Amino acid sequence: MRPLARKTILPLTMIIVGATVVVGYAAEETDTASVGRSSFGKSGDSDDSDQTPPDQDPSATAPADDGNAYTPRRTEQNARIGAIFDKNDSGDHFCTASVVQSPGRNMLITAAHCAFDSDAGATIDNLVFAPDYRNGDEPTGLWKVKKVIVDDRWIKSNDENADVAFLVLDSKNGKEIQDVLGGNTLGIDRGFDNKVKITGYPTSRNTPITCQNRTTKFSDTQLRIQCTDFEGGTSGSPWLADYDPKSHTGTVIGVLGGHQGGGDEDDVSYAAYFNDEIAKLYKHAQDED
């Protein structure tokens, strides 16, 4: 089969077509209780396994074998990936998100099930993002989410092919998050065979894990990958291809989620295929910013 044509989506290049936006404003309270969020897929639940990935990074040591997770070192690339909390960082982080380029320079991408409570039929308010979170250390602090944008297909039926959300952040100290950390581009119709690097935050750990491997086709609308130890908390982890050290950017071609909320096994994960519907949602998120 011929591979699908590859496209990288840059801001302001798409036409608006029928996605749905849902807005939730971050509150100022310091109450630490988790409100309106239940575990789904690979969000929230932690695995009490004592199997901690080795602390290494391919750029500094011998590369980990494909498919094996490791604890990455702090790098500019990893700094734009972080943990999602409710209200503040006093509770458990339960999902992962990353900075994606946008005209407003203030946007994240994650899984829809991380930001929309299907039982309540509403977005999850009070989300905060902690980029490059390590053992309570937050180099650029917490960033409040002011808008959650999800597809109407997810709102109506939890369509696994629409398990993607864009989060718009408040500015911090007069700066937008992309000004501070940079951002990755969004890749649409990149095909099913890609070498990617996935970084996420398991709830059971206070450091991220990273894995590299090739994606495979699970269905016409779902990607699959084999990577160890991607348990609860890693939902929303970016699947990053083609990182360019000169421009300091990569291309997000998926986020951990989709089929079974990302998978019911720690060592196998899924992502909704980024097609034109995801491109429309991305453009709609820009228009709502």
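Note that this is a predicted model, so its numbers are computed, not measured. (Residues numbered from 1 in each chain as written. Predicted model: local features only at pLDDT ≥ 70, side-chain atom pairs only at ≥ 80, totals over all residues. Heavy atoms only, no water.)

**Q** Hey, could you run me through the sheet that holds strand β13 (residues 216–219) in this one?
**A** Strand-to-strand pairing in sheets goes through backbone hydrogen bonds, with the strands running parallel or antiparallel. Here three strands make up an open sheet; going across it, the order is β13-β14-β17 and the pairing antiparallel. Every interior strand has two partners, whereas the edge strands, β13 and β17 (268–272), have only one. Sheet twist, expressed as the mean angle between neighbouring strand axes with direction ignored, is 35°. Alignment of strand β14 (residues 222–226) against β17, held across five bridges, turns out to be antiparallel. Looking at the pairing, glutamine 222 lines up with alanine 272 of β17. (Pairing = 2+ DSSP bridges. Helix = DSSP H or I, 4+ residues; strand = E, 2+ residues; numbered from the N terminus. Axes fitted to C-alpha atoms, helices over the stretch in contact; angles between N-to-C directions.)

**Q** Looking at this model, I keep getting lost on the state of the cysteines. Mind explaining?
**A** Covalent bonding between the sulfur atoms of two cysteines defines a disulfide. Per the stated rule, a full pass over the model turns up two disulfides. A sulfur-sulfur separation of 2.1 Å characterises the disulfide bridge that pairs cysteine 95 with cysteine 114. With the S-S bond torsion at -80°, the cross-link from cysteine 95 to cysteine 114 turns out left-handed. Of this pair, cysteine 95 sits in strand β3 (residues 95–100) while cysteine 114 sits in the loop between β4 (107–110) and β5 (116–117); the two residues are 19 residues apart in sequence, bridging distant segments of the chain. Residue classification places cysteine 95 among the buried positions, given a relative accessible area of 0%. (Disulfide = S-S within 2.5 Å. Buried < 20%, exposed > 50% of the residue type's maximum accessible area, 1.4 Å probe, protein only.)

**Q** Mind showing me how you'd approach the pairing of β14 here?
**A** Consecutive side chains along a regular strand alternate between the two faces of the sheet. The pairing of β13 with β14 spans three bridges and is antiparallel. From the neighbouring strand, serine 219 faces β14, where its bridge partner is glutamine 222. The turn joining β13 and β14, which pair antiparallel and follow one another in sequence, is formed by two residues.

**Q** What should I look at first to understand the environment of arginine 153 in this one?
**A** If you trace the backbone, arginine 153 turns up in helix α2 (residues 152–157). Sequence separation between arginine 153 and aspartate 163 is 10 residues; the distance between their C-alpha atoms is 8.9 Å.

**Q** What is the right way to read the packing of aromatic side chains from this model?
**A** For the structure shown, the criterion picks out four aromatic pairs. Note on phenylalanine 166 and tyrosine 282: the rings are 5.4 Å apart at their centroids and 35° apart in plane angle, and the pair reads as tilted. Highlighted residues: phenylalanine 166 in strand β9 (residues 165–169) and tyrosine 282 in helix α4 (residues 276–288), separated in sequence by 116 residues. For phenylalanine 166, a relative accessible area of 0% translates into the label buried. (Phe/Tyr/Trp six-rings, centres within 6.5 Å; stacked < 30°, edge-to-face > 60°.)

**Q** What is the right way to read the environment of aspartate 179 from this model?
**A** With respect to the element layout, aspartate 179 can be found in helix α3 (residues 177–181). Along the primary structure aspartate 179 and asparagine 106 are separated by 73 residues, whereas in three dimensions their C-alpha atoms are 8.5 Å apart. A polar atom in the side chain of aspartate 179 sits 2.4 Å from the side chain of arginine 105. (Polar contact = N/O pair within 3.5 Å; in protein donor to acceptor, adjacent residues only side chain to side chain.)

**Q** Can you help me understand the confidence of the model for the protein in this one?
**A** The predicted coordinates of low-pLDDT regions are not to be read in fine detail. Per-residue confidence for the protein gives a mean pLDDT of 85, with 80% of residues at or over 70. Counting contacts from residues 1–36, a segment whose pLDDT is below 50, to residues more than four positions away or on other chains yields 102 contacts. (pLDDT = per-residue confidence, 0-100. Contact = heavy atoms within 4.5 Å.)

**Q** Please clarify how α4 should be interpreted in this entry.
**A** Spacing of three or four residues puts side chains on the same side of an α-helix, whose turn is 3.6 residues. Across its 13 residues, α4 extends 18 Å between first and last C-alpha, which sits within 8% of the 18 Å expected from 1.5 Å per residue. All of the buried residues in α4 are Ile278, Ala279, Lys280, Leu281, Tyr282, Lys283, His284, Ala285 and Gln286. (Expected span 1.5 Å × (residues − 1).)

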